Amino acid sequence: MSKDDAKSGVVARVRRAFKRTSADALTVQLSVAVLAIAVLAASFIKIPDALATGLFGGPALVLGIVLMRRLRFNNWTIGVIVGGLVLYVLYFGYTAFGERNYDGPEQLNYVKFVVEKGALPEAKECFVCHHPPAYYLLAAGAFKFAQLTDLTSTTRIVQLTSLLLSFLFIVFGALIVRRFTERRTIETLAVAFIVLWPYSIVNSVRFHNDVMVGTTMVASLYYLVRWYQDEKPRDIW
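Residues numbered from 1 in each chain as written. Predicted model: local features only at pLDDT ≥ 70, side-chain atom pairs only at ≥ 80, totals over all residues. Heavy atoms only, no water.

**Focus: the nonpolar core**
Met68, Phe73, Ile81 and Tyr88 are the most contacted members of the largest nonpolar core, which totals 24 residues. In terms of residues, this core owes the most to one element, helix 6 (residues 154-180), which gives eight residues. Setting aside residues no more than four positions away along its own chain, Met68 makes contact with Phe73, Ile78, Ile81, Val82 and Phe167. Leu108, Val111, Val114 and Tyr135 belong to the second-largest nonpolar core, a separate cluster that totals 21 residues. (Core = buried A, V, L, I, M, F, W, Y, C linked by side-chain atoms within 4.5 Å. Buried < 20%, exposed > 50% of the residue type's maximum accessible area, 1.4 Å probe, protein only. Helix = DSSP H or I, 4+ residues; strand = E, 2+ residues; numbered from the N terminus. Contact = heavy atoms within 4.5 Å.)

**Thoughts on the side chain of Asn74**
Tracing the backbone shows Asn74 in the loop between helix 2 (49-70) and helix 3 (75-92). There is a polar contact of 2.8 Å between the side chain of Asn74 and the backbone nitrogen of Thr77. Contact partners of Asn74, with chain neighbours within four places excluded, come to Arg184, Glu187 and Thr188. (Polar contact = N/O pair within 3.5 Å; in protein donor to acceptor, adjacent residues only side chain to side chain.)

**Examining the packing of helix 6 against helix 9 (residues 210-230)**
Following both chains from N to C, one finds helix 6 and helix 9 inclined at 25 degrees, their axes separated by 9 Å at the closest point. Considering the angle they form, helix 6 stands roughly parallel to helix 9. Remark: the crossing between helix 6 and helix 9 carries left-handed chirality. The residue makeup of the contact of helix 6 with helix 9, split by class, is 15 nonpolar, six polar and three charged. (Axes fitted to C-alpha atoms, helices over the stretch in contact; angles between N-to-C directions. Parallel < 35°, antiparallel > 145°, perpendicular 65-115°, else oblique. Left-handed = near helix turned anticlockwise from the far one by under 90°. Nonpolar A, V, L, I, M, F, W, Y, C, P; charged D, E, K, R; others polar.)

Put into structure tokens, the structure is as follows:
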């Protein structure tokens, strides 16, 4: 191969990468714009649940797909994860915050305390108030947002926050799988096990700090594996 051919090949790859990045950036901008408009509209008028699911779920799903494309997941893996998210949303449709969630009311009490008092509770305030506060601070932010915008019920929006954390759980799980195999079929099958594992489904929209615990643990495991394989100290800083 001549130097000119090599140079033209590099230029072509750079152009393709630039086009892909530009398309993804435009997609992200449009999705964020649709979400912002939907939030603004829902703050003033009552939107039917079915329409709200499309207005908010559609752009959010597109953003998730863009993220997975940027992480270079293969199309089958992306399809499995998207299918899992659809399943989780269907499960969410008939699952209240207290269902299959034995201490759901106590989880709610913790969040309400943070929202109403603007402070962290002492352990004696509720059954779960001794738990670390990270999940409850995040849930309290979503809870307050629902109060201010009247977008949806306060408990439902916290369940949706858990859905976002569950998505990140799956993404980090898929990244770990990819660290141990280059075969796409094995990667996709392993990710399918993560997505369709019964506890993954139950946890997907659960109003519970265990959702963040699981996501944090699998993210930590990913960086530990990456540090072990690549020997880069920054991965465990």
